[in-house]
Amino acid sequence: MLSKHIIAVARGRGILRANQIYGATGLLTRARIAHFHSSRLLQAETVKVPQMAESISEGTLKSWSKQVGDMVAADEEVATIETDKIDVSVNAPQSGKIVKLLANEEDTVTVGQDLFVLEPGEVGESSSAPPPAKEEQSPSETEATPKTKDATEPSDQQTDKSLPKPPTPSESDKKVEPFSKAKEEKAAPKKEKEEKKVEKKDDKKDKSSPPPAPKAAPGSRNETRVKMNRMRLRIAERLKQSQNAAASLTTFNEIDMSALVAMRKKYKDSIQKEHDVKLGFMSFFARASVLALKEIPVANASIEGEEIVYRDFVDLSVAVATPKGLVTPVVRNAESMGLVEIEREIAMIGKKAKDGKLALEDMAGGTFTISNGGVFGSLYGTPIINLPQAAVLGMHTIKDRAVVVDGQIVIRPIMIVALTYDHRLLDGREATTFLVKVKEYIEDPAKMLLAV
């Protein structure tokens, strides 16, 4: 009896000591966590939809680049808002953790609307307190613990470890298996006989049953509806507006590309080496158009109310196909550029367009447009005017054709070019003269170098 009393007292002291240690630690940890979260939440910042442009007040939240719980660095993209002109990136104002998203994808959001909540913090820092570290026990304590436990257990609660363990369920199942297998083996022949009888009955039914109905014709007739994005809706609106407003007319001409192909082949490697620019045909057509616009200035004009606005500069819009639709970034003051400069500028805005990095100012303005459907294999086409411009030049693919030169039939690389113009501004004489001038410059590229 005395030994049992001593053991009980020892146990009570051990529990009291454990409560004093771990209870205090737990309370301290909870206090630290509460302070950490309260200080963090007080600093949390609500990020709003940014200003996009003067003419844009709303957009569609296209995608979240980050989700709740993700860490972001300062100026890292968090969301993308699609407008009818460009895609706007919403970036984190500072590094921290996303704690709440206040809008869903495909929602319409307006400028100044709350978008997400950001909890400041350095990237890689966790916003929740780490679990309390377990107190390390000295080797002497860890060794002593099991011994003490065995020693302090009452004799009536101690188990004799030398006794055999009770059989596990798997072992008992194994003992029953032979009996169950014998039953299954006896039942198997009966089941086989029954299955044969059922099969014979099914055969009789199949012979008496009518032939199956004919199968439906192969091929899917499913339909899929996809919501048009804002840019596609805007493009559709602008194209229809152009058709309704402008008195559009298209004139065509053929251009012998032999001289230009030979010139490009001769100089493209040296230009690539010296200027790191890949020389294409677009720069030549752009330069030829600029020179032709100087001679036919009305093709570079536009109608505003009851007035015609003439311009001394040429802001060249270049049509670029992107996954979301056709865009027309602008090469500013193309009249003051050489071939290499124009080619470099076209390559730069083309890359920005395909990467979705165009800003609104990259597409604003434009006095004349060039569209190259030839990169997709188009042989003929009637481009649509980009209002309020007066005309658009359409390039097409190059094909070898039989043509008559000096009374002889020869094979030459031919491109069909088209000029769609607003007949309210340009008459047939000006439009045809413009296209002939472009043809002359392309067929004799040296003229472009001599022209002032």
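Cut-offs and rules
- Residues numbered from 1 in each chain as written.
- Predicted model: local features only at pLDDT ≥ 70, side-chain atom pairs only at ≥ 80, totals over all residues.
- Heavy atoms only, no water.
- Helix = DSSP H or I, 4+ residues; strand = E, 2+ residues; numbered from the N terminus.
- Buried < 20%, exposed > 50% of the residue type's maximum accessible area, 1.4 Å probe, protein only.
- Contact = heavy atoms within 4.5 Å.
- Areas by Shrake-Rupley, 256 points an atom, 1.4 Å probe, with all protein chains shown as cover.
- Axes fitted to C-alpha atoms, helices over the stretch in contact; angles between N-to-C directions.
- Left-handed = near helix turned anticlockwise from the far one by under 90°.
- Nonpolar A, V, L, I, M, F, W, Y, C, P; charged D, E, K, R; others polar.
- pLDDT = per-residue confidence, 0-100.
- Polar contact = N/O pair within 3.5 Å; in protein donor to acceptor, adjacent residues only side chain to side chain.
- Pairing = 2+ DSSP bridges.
- Salt bridge = Lys/Arg side-chain N within 4 Å of Asp/Glu carboxyl O.
- Core = buried A, V, L, I, M, F, W, Y, C linked by side-chain atoms within 4.5 Å.
- Phe/Tyr/Trp six-rings, centres within 6.5 Å; stacked < 30°, edge-to-face > 60°.

## Observations concerning the overall build of the protein chain
Piece 1. Within the protein chain, the regular secondary structure consists of 10 helices and 19 strands.
Piece 2. Out of the 452 residues in the protein chain, the part that is buried amounts to 32%.
Piece 3. At a minimum sequence separation of 6, the contacts of the protein chain that also span at least 24 residues come to 65%.
Piece 4. Split by element, the accessible area of the protein chain, about 29,600 Å² in all, is 54% carbon and sulfur.

## A short note on the packing of helix 6 (residues 282–295) against helix 7 (residues 339–354)
Piece 1. For the pair helix 6 and helix 7, the least separation of the axes is 9 Å and the interaxial angle reads 120°. Considering how the two elements wind past one another, helix 6 and helix 7 form a crossing that is right-handed. Along the contact surface, helix 6 presents M282, S283, F284, A286 and R287, while helix 7 presents L339, I342, E343 and I346.
Piece 2. Looking at side-chain class alone, the contact of helix 6 with helix 7 contains six nonpolar, one polar and two charged residues.

## Here's the deal with the confidence of the model for the protein chain
Piece 1. Confidence along the protein chain averages 79 in pLDDT terms, with 70% of residues attaining 70 or more.
Piece 2. A low-confidence stretch, residues 127–164 (pLDDT under 50), is modelled with 19 contacts involving residues beyond four sequence positions or located in other chains.
Piece 3. Note on residues 204–208: pLDDT is under 50 here. Beyond four places in sequence and across chains, it has zero contacts.

## Notes on the side chain of S302
Piece 1. Tracing the backbone through its elements, the reader meets S302 in strand 10 (residues 302–304).
Piece 2. One polar contact links S302 to R311, side chain to side chain, over a distance of 2.9 Å.
Piece 3. Beyond its immediate sequence surroundings of up to four residues, S302 is in contact with E307, I308, V309, R311, P388 and L425.

## Thoughts on the sheet that holds strand 8 (residues 114–120)
Piece 1. Pairing within the open sheet is antiparallel, and its four strands lie in the order 1-8-6-3. Each edge of the sheet is formed by a strand with only one pairing partner; in this case those strands are strand 1 (45–48) and strand 3 (71–72).
Piece 2. Alignment of strand 3 against strand 6 (residues 96–101), held across two bridges, turns out to be antiparallel. In the sheet register, M71 faces strand 6, and the bridge partner there is K97.

## Things to note about the pattern of salt bridges
Piece 1. Here the structure, examined in full by the defined rule, presents 16 salt bridges.
Piece 2. Linking D256 and R412 is a salt bridge whose minimum nitrogen-to-oxygen distance equals 2.8 Å. With D256 in strand 9 (residues 248–256) and R412 in strand 19 (residues 408–422), this pair connects stretches of sequence that are 156 residues apart.
Piece 3. Put simply, D355 and K351 hold a salt bridge, and the shortest N to O gap is 2.9 Å.
Piece 4. Residue K351 is classed as exposed on the basis of its relative accessible area, which comes to 56%.
Piece 5. The structure contains a network of salt bridges with shared partners spanning E82, D87 and K324.

## Concerning the pairing of strand 2 (residues 58–64)
Piece 1. When strand 2 meets strand 7 (residues 108–110), the two strands line up antiparallel, connected through three bridges. The residue of strand 7 that forms the bridge with T60 is T108.
Piece 2. Two elements, strand 2 and strand 4 (residues 77–82), share four bridges in a ladder whose sense is antiparallel. Looking across to strand 4, one finds that S63 is bridged to T80.

## Some details on the nonpolar core
Side chains that are nonpolar tend, in soluble globular proteins, to be buried together.
Piece 1. Core analysis: the biggest nonpolar cluster contains 48 residues, and F285, F368, L393, L419, F434 and I442 have the highest contact counts within it.
Piece 2. Of all the elements in the fold, those that place two or more residues in this core are helix 5 (258–275), helix 6, strand 12 (316–318), helix 7, strand 16 (368–372), strand 17 (391–395), strand 19 and helix 9 (428–443).
Piece 3. Top element by residues in this core is helix 6. It accounts for nine residues.

## Looking at the packing of aromatic side chains
For any pair of aromatic rings, geometry is given as the distance between the ring centres together with the angle between the planes.
Piece 1. Scanning the entire structure with this criterion turns up two aromatic pairs.
Piece 2. With a centroid separation of 6.1 Å and 85° between ring planes, the pair formed by W64 and F116 is classed as edge-to-face. Linking W64 in strand 2 with F116 in strand 8, this pair joins segments that are 52 residues apart in sequence.
Piece 3. Take W64: its relative accessible area is 10%, and that puts it in the buried class.
Piece 4. On the accessibility criterion, F116 (0% relative accessible area) is buried.

## A few points about the sheet that holds strand 2
Piece 1. An order of 5-4-2-7 is seen for the four strands of this open sheet, with the pairing classed as antiparallel. On the outer flanks of this sheet lie strand 5 (87–91) and strand 7, each paired with one strand and no other. With direction set aside, neighbouring strand axes in the sheet form an average angle of 45°.

## A few points about the pairing of strand 5
Piece 1. Of the two faces of strand 5, only the one carrying V88 and V90 is buried; D87, S89 and N91 on the other face are not.
Piece 2. With five bridges connecting them, strand 4 and strand 5 associate as antiparallel partners. Bridging across to strand 5, E82 finds its partner in D87.
Piece 3. Linking strand 4 back to strand 5 in an antiparallel pair, the connection comprises four residues.

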